[in-house]
Every structure is written in C-alpha cells, then in structure tokens.
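# Understanding the architecture of this molecule
Each chain is listed here by its residues.
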Amino acid sequence: MTGLPDGTLPSPDDVLEAARRLQGHVVRTPVLRNEAIDALAGAELFFKCENLQLTGSFKIRGATNRLMQIDPARQKGGVVAFSSGNHAQGVARAARLLEMPALIVMPSDAPGIKVEGVRRDGAEIRFYDRHNESREAIAAAEADLREAVLVPSFDDPYIITGQGTAGVEFAEQMQAAGTPLDHLICCVGGGGLITGIALAFEALSPSTRIWTAEPAEHDDWRRSLAAGEIVANAPGTRSICDAILTPAPGEITWALGKRLLAGGCAVDDTAIEDAMRQAFRHLKLVVEPGGAAALACALHDLPEAAKGKRVGVVISGGNVDPGQYARIVSA
C-alpha cells in the first residue's frame with residue numbers, strides 16, 4: 001500500500017492543508033441551484049461547478065498540489081503524465097505555472113479540445129494507440145529517460161488531497177448558506193476526486209453520505225462497494241464518458257473509498273446525454289459526458305435515501321468535443 005511519505009493514507013487534515021496550499025492557485029468554483037431540475041430529480045440539488053475551474057475541470061487541483069511537492073533539485077527534469085485529457089490539461093497548466101517542462105502521453109483518439117488545451121500550455125505530447133500500446137509503459141520509459149517525475153492521474157496521495165479541495169470548498173459553501181448536504185453524488189473513474197471529497201466532508205460535514213456515479217457498463221466502483229472488494233470492469237467496455245473510464249479502483253483510492261463511500265449509482269449513455277441537455281437548458285452550463293455523470297444519476301438513479309433531501313452534485317468538467325456536444329444538445 002502506497003501513501004504519504006510515512007506510509008500512511010491521506011487524512012482529512014491533509015486535504016485541509018492542501019486547501020490552504022492551493023489558495024490563489026485555483027478558482028473557488030460556484031454552487032448553483034435550479035428549481036426545474038429539483039422537480040425532475042425529486043430532491044434539492046446543489047451543483048458544484050468544477051467545469052468552471054481553470055482548464056475546465058477539477059484536475060488542476062490535484063496536479064498543482066502534486067507538482068508543488070517535487071523537490072527543487074528534481075524540477076529541472078520536469079514531469080510526465082498519461083491521460084485522455086483533463087489530467088493532461090491540469091498537469092500541463094500546473095507545470096507552466098510552476099515553470100517545469102511537461103510531457104503528456106495521450107491516446108491518438110483523445111478529444112481535440114483537450115489536445116489543444118495541453119498544447120496551449122506548452123506541454124509536449126506523445127500520442128499512443130490505446131488498443132495496442134501501454135500508456136503506463138510509455139510514460140514510465142519517458143520519465144526514466146528524462147529523469148522526470150511521473151504524475152499519476154488518481155492513485156497518489158497528493159493528487160487525492162488536491163482534488164479533495166473541491167470538497168473543502170463545497171462543504172464550506174453549504175455551511176455558509178445554512179444548508180448542509182444530506183448526500184453528495186460525484187463521478188468516479190480511478191477515485192481520486194471522490195475520495196478526496198469524502199475526506200474533506202469527513203472533516204467538515206461528517207453526516208453527509210457520499211455516492212459514486214458511473215456509466216452502467218463501466219460500474220467497477222458500484223460493484224466493488226457492493227462486493228466489499230475490488231471488482232474490475234470487463235475488458236473493452238466503453239461509454240461516451242471518456243474522462244472516467246478506468247479499469248478498476250486504485251489501490252489507495254479503494255483503501256479510502258471502502259470506508260468513506262455509501263454506495264454507487266450508474267446510468268447508461270442515454271441518461272448521460274439527457275443530463276448534458278438539462279445542464280445546458282436550466283443551468284446554462286457546458287458539461288462533458290463524464291462531468292455530467294453525477295447529474296445523470298441524480299435524475300435517473302437517485303438513491304432512495306436521497307429522495308426529498310439536500311443532495312450535492314459535482315459537475316466535474318466541461319471539456320467536450322464541440323461536434324459531439326452540438327449533436328447531443330440539439331437531439
């Protein structure tokens with residue numbers, strides 16, 4: 001089990017420390033409400049809009065927190081990351097702001113808007129064939145060659161605690177409004193965001209129950225939580241939610257999630273597309289498929305215990321291909 005330098009898992013205090021560290025480096029994103037969507041869901045929904053974060057997703061939080069931990073003596077070699085897009089953009093932006101070189105290993109079919117974002121921040125890109133090449137092997141080899149630091153997308157304590165700063169903000173915003181959350185739904189891939197948020201709520205709003213949101217055919221977290229052990233997705237399962245398609249929960253994130261998470265929700269791609277349209281129509285937000293998973297679950301697979309309650313919904317990203325978005329929204 002990998003964790004912080006002393007071998008322990010990240011704690012709520014580590015997330016609060018990360019929140020202090022990232023002040024001034026990330027945007028404090030807003031929380032929105034909409035009565036029409038409440039009526040559709042049968043609950044009071046509160047939307048944490050990380051699609052309005054720098055680079056268009058929450059990933060800048062974990063990336064910046066991780067890069068801030070790199071010893072100055074190693075910064076010259078820079079960083080290497082692998083990602084289909086949002087983590088790539090987060091690392092590229094953090095590296096530019098902290099003046100480090102960055103190489104991002106991206107699939108050749110990554111959304112063009114995400115590729116453009118990485119290039120805009122000056123990072124180098126190494127494309128690979130996701131069906132015939134291993135991104136992990138390519139990234140490890142490049143990191144060795146460059147004497148660079150490999151920055152994983154989720155299974156790293158500093159990534160987790162950085163992502164969790166979204167939860168610190170959310171809990172504080174709800175407390176300030178006098179409307180603490182009964183439940184919270186968050187999309188999940190490897191689990192860095194949701195476990196970081198769960199740690200934040202353990203410190204600031206411990207009665208809030210945290211639920212995963214996934215594509216129905218790629219619901220490894222829902223099945224793992226039900227089984228009490230890691231259950232991987234079948235090879236080749238696909239969804240339009242490219243940002244959250246990981247094989248299985250991470251080692252560190254599972255160690256946290258099995259203790260902190262209440263259970264899982266899952267919806268098909270049709271429900272995801274409906275959620276994207278509802279976000280556009282009622283919230284005036286552009287949301288990518290993976291970023292809409294929590295809203296889709298709130299509308300189509302809300303846990304029975306959450307009905308009629310205050311439910312937080314994390315809108316995790318807005319980096320969607322324009323052509324795909326136009327097709328979905330206009331359907």
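These numbers come from a predicted model, not from an experiment. Each chain carries its own residue numbering, running from 1 in the direction its sequence is written. The predicted nature of this model means local features are confined to residues of pLDDT at least 70 and side-chain atom pairs, given and counted, to a pLDDT of 80 or more, with totals for whole chains, interfaces and linings taken over all residues. Side-chain measures here rest on the full set of heavy atoms in the structure, leaving out hydrogens and waters.

## Details of the state of the cysteines
- The disulfide definition used here is simple: a pair of cysteine sulfur atoms within 2.5 Å. Counted under the stated rule, the structure contains zero disulfides.
- Note on Cys265: no disulfide assigned, nearest cysteine sulfur contributed by Cys297 at a separation of 4.9 Å.

## Description of the pairing of strand 5 (residues 124–128)
- The criterion for strand pairing is that DSSP finds at least two bridges linking the strands in question. Every helix listed is a DSSP run of H or I at least four residues long, and every strand listed is a run of E at least two residues long, numbered separately from the N terminus. One ladder, built from five bridges, connects strand 4 (residues 102–107) with strand 5; its direction is parallel. The partner of Leu103 across the bridge, within strand 5, is Glu124.
- Assessed by its sense of winding, the connection that carries the chain from strand 4 through helix 5 (residues 112–120) to strand 5 is right-handed. Seen with the strands pointing away from the viewer, any crossover whose path from the first strand over the helix to the second strand runs clockwise is right-handed.

## Brief notes about the pattern of salt bridges
- Only one rule defines a salt bridge in this text: a Lys or Arg side-chain nitrogen within 4 Å of an Asp or Glu carboxyl oxygen. Applying the stated criterion across every chain yields a total of 22 salt bridges.
- Residues Asp242 and Lys114 are paired through a salt bridge, measuring 3.2 Å at the closest nitrogen-oxygen approach. Within this pair, whereas Asp242 is found in the loop between helix 10 (220–227) and helix 11 (251–260), its partner Lys114 is found in helix 5, the two being separated by 128 residues in sequence.
- Judged by its relative accessible area of 21%, Asp242 falls in the partly exposed class.
- In this scheme, a residue with accessible area under 20% of its type's maximum is buried, one over 50% is exposed, and one in between is partly exposed, where area comes from a 1.4 Å probe on protein chains only. When its relative accessible area of 0% is taken as the criterion, Lys114 is described as buried.
- Here Glu124 and Arg146 are joined by a salt bridge, their closest N and O atoms 3.2 Å apart. In this pair, Glu124 sits in strand 5 while Arg146 sits in helix 6 (residues 135–146), placing the two residues 22 residues apart along the sequence.
- For Glu124, a relative accessible area of 40% corresponds to the partly exposed category.
- Overall, Arg146 belongs to the partly exposed group, its relative accessible area being 31%.
- Overlapping salt bridges, with partners in common, bring together Lys48, Glu50, Arg61 and Glu169 in one network.

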